[in-house]
Amino acid sequence: MNSALRLALVGNPNAGKSALFNALTGSRQKTGNYPGTTVERRAGRFQTQHGLEVNVVDLPGTYSLSATSPDQVVTREVVLGQRDSEPLPDVILCVVDATNLKLHLRLVLELKQLGRPMLIALNMIDLATRDKIDIDVDALESALGIPVIPTVAVRRSGVKELSVELSNHLNDLVEEAAKTKPLPAWQPQDLKSLQKEAGRIAKVATRSEGIEHVMTRRLDALFLHKIAGPVILFAMLFVMFQAVFAWAETPMEWIDMGIGALADWLIASLPDNALRSLLVDGVIAGVGSVVVFLPQILILFAFILALEASGYMARGAFLMDRIMASVGLNGRAFIPLLSSFACAIPGIMATRTIDNPRDRLTTIMIAPLMTCSARIPVYTLLIAAFIPNRAVGGVFNLQGMVLFALYLAGIVSALIVAGVLKRTVTKGASQSLLMELPKYQLPNLRDLVLGLYERVKIFIARAGKFILTTMIVLWVLASYPAAPADAALPDIYYSYAGQIGRVLEILFAPIGFTWEIAISLVPGMAAREVFVGALGTVYALSGSEDQIATSLVSRLQNAWSLPTALAVMAWYVYAPQCLATLAVAKRETNSWGWMFFMAGYLTAIAYLAAGITYWTATAIIG
Ligand SMILES: Nc1nc2c(ncn2[C@@H]2O[C@H](COP(=O)(O)OP(=O)(O)OP(=O)(O)O)[C@@H](O)[C@H]2O)c(=O)[nH]1
Ligand SMILES: [Mg+2]
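Residues numbered from 1 in each chain as written. Chains lettered and ligands numbered in written order. Predicted model: local features only at pLDDT ≥ 70, side-chain atom pairs only at ≥ 80, totals over all residues. Heavy atoms only, no water.

The name given to the protein in an unreviewed UniProt entry is Fe(2+) transporter FeoB, with Tepidicaulis marinus as the source organism. Checking UniProt for the protein, the heading Subcellular location (unreviewed entry) contains the comment "Cell inner membrane". (UniProt positions renumbered as here; feature names shortened; annotations may be inferred.)

Written out as structure tokens, the structure reads:
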């Protein structure tokens with residue numbers, strides 16, 4: 001029997017629920033300074049100072065229990081005990097943003113009607129102080145008839161009082177909860193009158209309204225400006241991609257040198273046998289060629305995390321709303337699409353914040369066109385090998401510009417596909433964006449570092465598990481059966497992998513792909529960066545003995561023509577190669593049909609785009 005108390009974190013979007021959850025449980029749930037960061041319930045556990053075990057669940061933010069978007073429905077169902085898998089929470093901990101009391105109290109009043117044990121965390125007290133908002137906690141407590149505990153979820157000291165108060169109150173609440181637990185009765189409330197009441201209470205409890213933040217106003221005047229706004233957004237993204245290239249160069253060289261040294265050491269210290277080949281050509285060549293991209297991925301994530309935490313991200317959504325509306329996309333699609341730059345999987349999940357099912361479907365369908373971080377290894381490898389490292393116009397770097405162009409190709413294609421879909425299969429009116437703009441904040445360094453650390457862990461774990469196993473399988477397929485004694489071509493040509501590659505080549509030869517590329521595409525289905533690892537292994541095995549230590553870049557320069565390299569880049573702008581994305585699309589659309597539609601249309605465009613690139617480049621270069 002599980003006797004732990006069940007605590008549910010409920011509140012408006014962006015109130016700081018996940019930050020509080022992390023502070024209480026010591027976990028690292030994603031937080032972000034925009035509404036809709038959390039789209040699923042997440043559970044954790046902690047112990048109060050009185051030794052009481054508490055199961056706490058972090059929920060998606062919601063403006064009202066009658067909200068209809070899929071993420072907010074989760075919250076309603078959990079709060080009302082309507083989920084089979086989730087027992088009714090014993091206590092609701094309602095998280096309220098102290099700088100936005102009036103809006104947030106409406107939900108408090110709505111929850112109060114349920115008659116469940118409840119506490120309030122009055123969060124973001126630090127920001128309230130910054131903005132000279134002075135709240136009378138006692139007055140608020142007595143007006144609501146609910147205990148109110150001030151918190152600063154992002155500071156360790158900021159939850160101390162909560163932890164003590166929780167202990168005190170929870171002991172009472174245990175008894176209350178131990179009594180019968182009737183399912184709360186719920187009917188949609190008259191939100192207007194609740195809003196009025198919330199306004200009245202907020203007024204009573206506010207000693208001083210604070211100043212309108214001058215900085216917020218000035219920054220918004222700039223960032224949301226009709227002309228300057230989009231220019232700044234574009235410039236910011238441009239700098240981001242330049243930085244991914246420029247700053248990562250040196251650390252990448254170090255990693256590359258380290259990996260090279262490791263390979264050399266193994267070659268020197270092991271006898272020339274199958275084990276050495278497996279380690280050097282399989283594991284090190286494969287995993288190494290992916291791990292070397294860690295610095296670039298870190299830089300990209302650092303930018304995205306900082307943009308998220310500062311509050312700029314939501315301004316981006318606001319700016320993009322008009323452009324997105326012109327192709328029939330919902331402005332709410334911006335954040336899911338932006339998250340897809342990290343990975344399409346959280347991006348597709350984030351579409352749960354979109355109410356309109358058709359808009360949501362359109363957004364899911366185009367999410368894989370945003371360039372995810374797994375594509376960085378593919379792009380940068382090919383760019384490093386085939387695009388000259390030249391300055392353009394004095395300031396820009398040609399390699400960085402090509403990378404930017406590849407990202408842009410994905411974005412533009414996504415807008416076109418969305419436009420086509422909205423006029424055909426997902427026809428219907430879409431809503432415009434109504435989004436609360438969060439407060440600007442300087443990103444907290446500790447959060448940033450922890451966020452990056454989480455990403456590194458995931459990346460390394462993937463390189464370790466996923467890439468390692470595929471590389472070993474690939475090495476086996478690529479090494480056996482052995483080549484005949486009178487072989488004229490590299491051994492791999494005669495192996496199983498070589499044979500499969502040659503069959504696939506029939507399909508891919510028209511668009512300029514060699515059999516080595518074709519065979520590497522197959523493990524690339526597991527995850528796109530595995531393609532790079534696979535190329536590493538395949539070319540390590542096709543190289544002659546003295547070539548073993550040469551880098552993949554120089555191997556590719558010898559083996560591929562420029563049109564082929566460009567065609568592979570074009571392929572990866574579109575190719576739906578990651579099976580995990582397709583699996584999430586299936587789950588989120590709840591339809592095999594839509595999943596196959598996604599895979600089908602992306603593959604068709606990928607093939608065409610690669611073909612057109614190859615044919616055009618061949619015609620120009622000759
Ligand atoms: N300064 C300050 N920032 C906070 C505080 N609590 C949360 N934040 C920041 O506010 C933003 C929102 O926090 P989250 O924990 O993601 O909010 P949430 O309620 O989980 O939001 P949703 O998941 O979108 O409903 C993040 O950038 C946090 O770092 C606080 O007490 N003080
Ligand atoms: Mg959250």
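Anyway, onward from the coordinates.
## Quick word on helix 26 (residues 592-621)
Compared with the 44 Å implied by 1.5 Å per residue over 30 residues, the 43 Å span of helix 26 between its first and last C-alpha is a close match. Of the residues making up helix 26, those classed as buried are M595, M598, A599, Y601, L602, A606, A609, A610, G611, Y614 and A617. Those residues of helix 26 that are buried are in contact with helix 15 (344-350), helix 16 (357-366), helix 18 (398-423), helix 24 (562-574) and helix 25 (579-589). Among the residues of helix 26, the N-terminal cap falls to S591, whose side-chain oxygen and the backbone nitrogen of G593 are separated by 3.2 Å. (Helix = DSSP H or I, 4+ residues; strand = E, 2+ residues; numbered from the N terminus. Expected span 1.5 Å × (residues − 1). Buried < 20%, exposed > 50% of the residue type's maximum accessible area, 1.4 Å probe, protein only. Contact = heavy atoms within 4.5 Å. Polar contact = N/O pair within 3.5 Å; in protein donor to acceptor, adjacent residues only side chain to side chain.)

## Quick word on the site of ligand 1
Taken together, 24 residues surround ligand 1, and among them K17, A19, T37, T38 and D126 come closest. Between an oxygen atom of ligand 1 and a main-chain N or O atom of G16, the distance comes to 2.9 Å. Summarising the interface, the protein chains cover 97% of the accessible area of ligand 1, which totals 650 Å² for the free molecule. Secondary-structure elements contributing two or more residues to the shell around ligand 1 are helix 1 (17-25) and helix 4 (125-130). (Near = heavy atom within 4 Å. Areas by Shrake-Rupley, 256 points an atom, 1.4 Å probe, with all protein chains shown as cover.)

## Some words on the UniProt feature "domain: FeoB-type G" (unreviewed entry) in the protein
The feature "domain: FeoB-type G" (unreviewed entry), as annotated in UniProt, sits at residues 4-172 in this numbering. Helix makes up 34% of residues 4-172 and strand 22%. Its end C-alpha atoms lie 14 Å apart.

## Some details on the nonpolar core
Formed by 125 residues in total, the largest nonpolar core has its most connected members in I366, F513, W560 and W571. The residues contacting W560, other than those within four sequence positions of it, are L382, F386, T514, I517, L535, Y539, A565 and V568. Formed by 35 residues, the second largest nonpolar core is a distinct cluster that contains V74, V78, A98 and L107. (Core = buried A, V, L, I, M, F, W, Y, C linked by side-chain atoms within 4.5 Å.)

## Re the coordination of the magnesium ion (ligand 2)
Ideal values differ by geometry: the angle at a metal is 109.5 degrees with four tetrahedral donors, but 90 or 180 degrees with six octahedral donors. The magnesium ion (ligand 2) binds to the protein through S18 (OG) and T38 (OG1); the donor distances cover 1.9 to 2.0 Å. Placement of S18 in helix 1 and of T38 in the loop between helix 1 and strand 2 (42-47) is noted, with a sequence separation of 20 residues between them. In this pair, the class of S18 matches that of T38, namely buried. (Donors = N, O, S within 2.8 Å, 3.2 Å for Na, K, Ca; no water.)

## Looking at empty space enclosed by the protein
Overall, the coordinates contain three cavities of 30 Å³ or more when judged by the stated rule. Taken as a whole, the second largest cavity holds about 40 Å³ of empty space. Surrounding the second largest cavity, L233, L237, L307, Y312, M313, G316, F334 and L338 form its lining. Among the elements of the structure, helix 9 (228-246), helix 13 (312-326) and helix 14 (334-339) are those that each provide at least two residues to the lining of the second largest cavity. In terms of residue count, helix 13 provides more of the lining of the second largest cavity than any other element does, three residues in total. Of the residues that constitute the lining of the second largest cavity, the class distribution is seven nonpolar, one polar and no charged. (1 Å grid on protein atoms, 1.4 Å probe; cavity = no way out; pocket = protein on both sides within 12 Å on 5 of 7 lines; lining within 4 Å. Points joined across faces, edges and corners; volume = space filled by probe spheres on them. Nonpolar A, V, L, I, M, F, W, Y, C, P; charged D, E, K, R; others polar.)

## Things to note about the side chain of R106
Here R106 lies in helix 3 (residues 101-112). Buried within the structure, R106 lacks any salt-bridge partner; E110 is the closest side chain of opposite charge, at an N-O distance of 5.2 Å. Residues in contact with R106, not counting those within four places in the same chain, are Y63, S64, L191, L194, Q195 and A198. (Lys, Arg positive; Asp, Glu negative; His and termini not counted. Salt bridge = Lys/Arg side-chain N within 4 Å of Asp/Glu carboxyl O.)

## Some words on the layout of surface pockets
By volume, the second largest pocket is sized at about 850 Å³. D256, V292, S551, L552 and V553 are, among the 35 residues lining the second largest pocket, the residues nearest its centre. Among the secondary structure elements, those contributing two or more residues to the lining of the second largest pocket are helix 10 (249-269), helix 11 (274-291), helix 17 (375-386), helix 22 (528-542) and helix 23 (552-559). Here the lining of the second largest pocket takes 10 residues from helix 10, the largest share from any one element. Residue classes in the lining of the second largest pocket are distributed as 19 nonpolar, 10 polar and six charged.

## Some thoughts on a nonpolar patch on the surface
The grouping of L468, I472, V473, V476, L477, Y480, Y496 and I500 at the surface amounts to a nonpolar patch, some 630 Å² of accessible area in total. Listed by contribution, the elements that provide at least two residues to the nonpolar patch are helix 19 (445-479) and helix 20 (496-508). Examining the composition of the nonpolar patch, we find that five residues originate from one element, helix 19, more than from any other. Within the element layout of this structure, I472 appears in helix 19. (Patch = residues over 30% accessible without salt bridge, like charges linked within 9 Å, V, L, I, M, F, W, Y side chains within 5 Å.)

## Here's the deal with the sheet that holds strand 5 (residues 118-123)
With respect to topology, six strands assemble into an open sheet ordered 2-3-1-4-5-7, the strand pairing being mixed. Single-partner strands in this sheet number two, and they are strand 2 and strand 7 (148-150). Ignoring strand direction, the axes of neighbouring strands in this sheet form an average angle of 25°. Packed onto the sheet, helix 3 meets strand 1 (5-11), strand 4 (91-97) and strand 5 and runs at close to 165° relative to strand 4. Sheet strands touched by helix 5 (residues 137-144): strand 5 and strand 7. Its angle to strand 7, the strand with the most contacts, is close to 155°. (Pairing = 2+ DSSP bridges. Axes fitted to C-alpha atoms, helices over the stretch in contact; angles between N-to-C directions.)

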